[in-house]
Amino acid sequence: MTEELDLLKKAWKKDAHSYEQVTENQIYAMIHKRSSSIVKWILMISIAEFIIWSGIGFFTVDDNYLKTLEIYHIDKLFKIITGFNYAVVLVFIYLFYKNFKTISTTETVKKLMSSIIKTRKTVQYYIWYNLTMFAIIFIIVVISQITYDPNLNSVIENTKEMNPQTFWVIIGLIYFALFAVTFGLFWLFYRMIYGFLMRKLYKNYEELKKMDY
């Protein structure tokens, strides 16, 4: 589709007087189709992501997991967070669907550009929501583990001879490294998948800006 669009643009520039109206409409139609396809992929990937994470959560929740949450005193809190997170993600999926329907039925260049901007903002909010939620959950788990985990408390008791400042610096570095690696993997995933689609969508937006509407 990209090659066809480039050929149309070359033909348009070659004989602008003869082809201006026809090729402009054709170029718009191709950008419209391509933008609709990109937003459709965003919707499909978000649904697949929701199903996969829900499946992982369903199959990994066992008695040991629930008992650990009870020991950490966050079992009730995690139920609230899980319910809230599902609700928010479903709202985002609905917004992606709504954006897809809007772009699919848009008939003017100006409206298509507006829909592209709106879609890009929705995706950005979705990415930052997921990364922020991950950071919040990580912090809650770390604080609860340090406070209530009997194994970690046992380690703390056995290292009383160590300088307290040195001990907590080591613990802090371990948690920070774990957070940085995990957060980095999530960020990389979103940048590779959604970032790739967002760049293609922005390229369409730039093409539309060159058109006379």
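These figures come from a predicted structure and were not determined experimentally.

Draft legend 1. Highlighting the overall build of the chain. Broken down by element type, the chain carries seven helices and zero strands. Taking contacts inside the chain between residues at least 6 apart in sequence as the whole, the part at least 24 apart equals 80%.

Draft legend 2. Seen up close, the side chain of Thr119. Mapped onto the elements, Thr119 comes out in helix α5 (residues 109-148). Other than its neighbours up to four places away in sequence, Thr119 contacts Val39, Ile42, Asn99, Ile103 and Leu201.

Draft legend 3. Up close: the nonpolar core. Core analysis: the largest hydrophobic core is formed by 39 residues, its most contacted members being Tyr194 and Leu208. In terms of residue count, α5 provides more of this core than any other element does, 11 residues in total. Ranked by size, the runner-up nonpolar core spans seven residues in total, among them Phe134, Val142, Leu152 and Ile171.

Draft legend 4. Seen up close, the packing of aromatic side chains. In total, this model carries 18 aromatic pairs according to the counting rule given. An aromatic cluster is built from Phe92, Phe96, Tyr126, Tyr129, Phe189, Tyr190 and Tyr194, whose rings are joined through pairwise contacts.

Draft legend 5. Structural detail: the pattern of salt bridges. Scanning the entire structure with this criterion turns up one salt bridge. For the salt bridge of Lys209 with Glu206, the shortest nitrogen-to-oxygen distance reads 3.8 Å. With Lys209 and Glu206 both in helix α7 (residues 164-209) and three residues apart, this pair spans about one turn of that helix. For Lys209, a relative accessible area of 47% corresponds to the partly exposed category.

Draft legend 6. Spatial organisation of the side chain of His32. Assignment of secondary structure puts His32 in helix α2 (residues 16-60). For His32, the side chain forms a polar contact with the main-chain oxygen of Thr106, separated by 3.4 Å.

Draft legend 7. Spatial organisation of the packing of helix α4 (residues 75-105) against α5. Relative to each other, α4 and α5 sit at 170°, their axes nearing to 10 Å. Judged by the angle between their axes, α4 and α5 are roughly antiparallel. For the pair α4 and α5, the sense of crossing is left-handed. For the contact of α4 with α5, the residue count by class is 20 nonpolar, seven polar and one charged.

Draft legend 8. Geometry of α4. Taking 1.5 Å per residue, 31 residues should reach 45 Å; α4 reaches 45 Å between its end C-alpha atoms and fits that length. Of all the positions in α4, only Phe78, Ile81, Val88, Val89, Phe92, Ile93, Phe96, Asn99, Phe100 and Ile103 are classed as buried.

Draft legend 9. Structural detail: a nonpolar patch on the surface. Taken together, the side chains of Val91, Tyr94, Leu95 and Tyr97 define a hydrophobic patch exposed on the protein surface, amounting to about 380 Å² of accessible area. Position of Val91 relative to the elements: it lies in helix α4. Overall, Val91 belongs to the partly exposed group, its relative accessible area being 47%.

Draft legend 10. Structural context of the confidence of the model for the chain. This prediction gives the chain a mean pLDDT of 85; 84% of its residues lie at or above 70. Mean pLDDT across the elements of the chain bottoms out in helix α1 (residues 2-14) (54) and peaks in α4 (94).

Conventions adopted
- Residues numbered from 1 in each chain as written.
- Predicted model: local features only at pLDDT ≥ 70, side-chain atom pairs only at ≥ 80, totals over all residues.
- Heavy atoms only, no water.
- Helix = DSSP H or I, 4+ residues; strand = E, 2+ residues; numbered from the N terminus.
- Contact = heavy atoms within 4.5 Å.
- Core = buried A, V, L, I, M, F, W, Y, C linked by side-chain atoms within 4.5 Å.
- Buried < 20%, exposed > 50% of the residue type's maximum accessible area, 1.4 Å probe, protein only.
- Phe/Tyr/Trp six-rings, centres within 6.5 Å; stacked < 30°, edge-to-face > 60°.
- Salt bridge = Lys/Arg side-chain N within 4 Å of Asp/Glu carboxyl O.
- Polar contact = N/O pair within 3.5 Å; in protein donor to acceptor, adjacent residues only side chain to side chain.
- Axes fitted to C-alpha atoms, helices over the stretch in contact; angles between N-to-C directions.
- Parallel < 35°, antiparallel > 145°, perpendicular 65-115°, else oblique.
- Left-handed = near helix turned anticlockwise from the far one by under 90°.
- Nonpolar A, V, L, I, M, F, W, Y, C, P; charged D, E, K, R; others polar.
- Expected span 1.5 Å × (residues − 1).
- Patch = residues over 30% accessible without salt bridge, like charges linked within 9 Å, V, L, I, M, F, W, Y side chains within 5 Å.
- Areas by Shrake-Rupley, 256 points an atom, 1.4 Å probe, with all protein chains shown as cover.
- pLDDT = per-residue confidence, 0-100.

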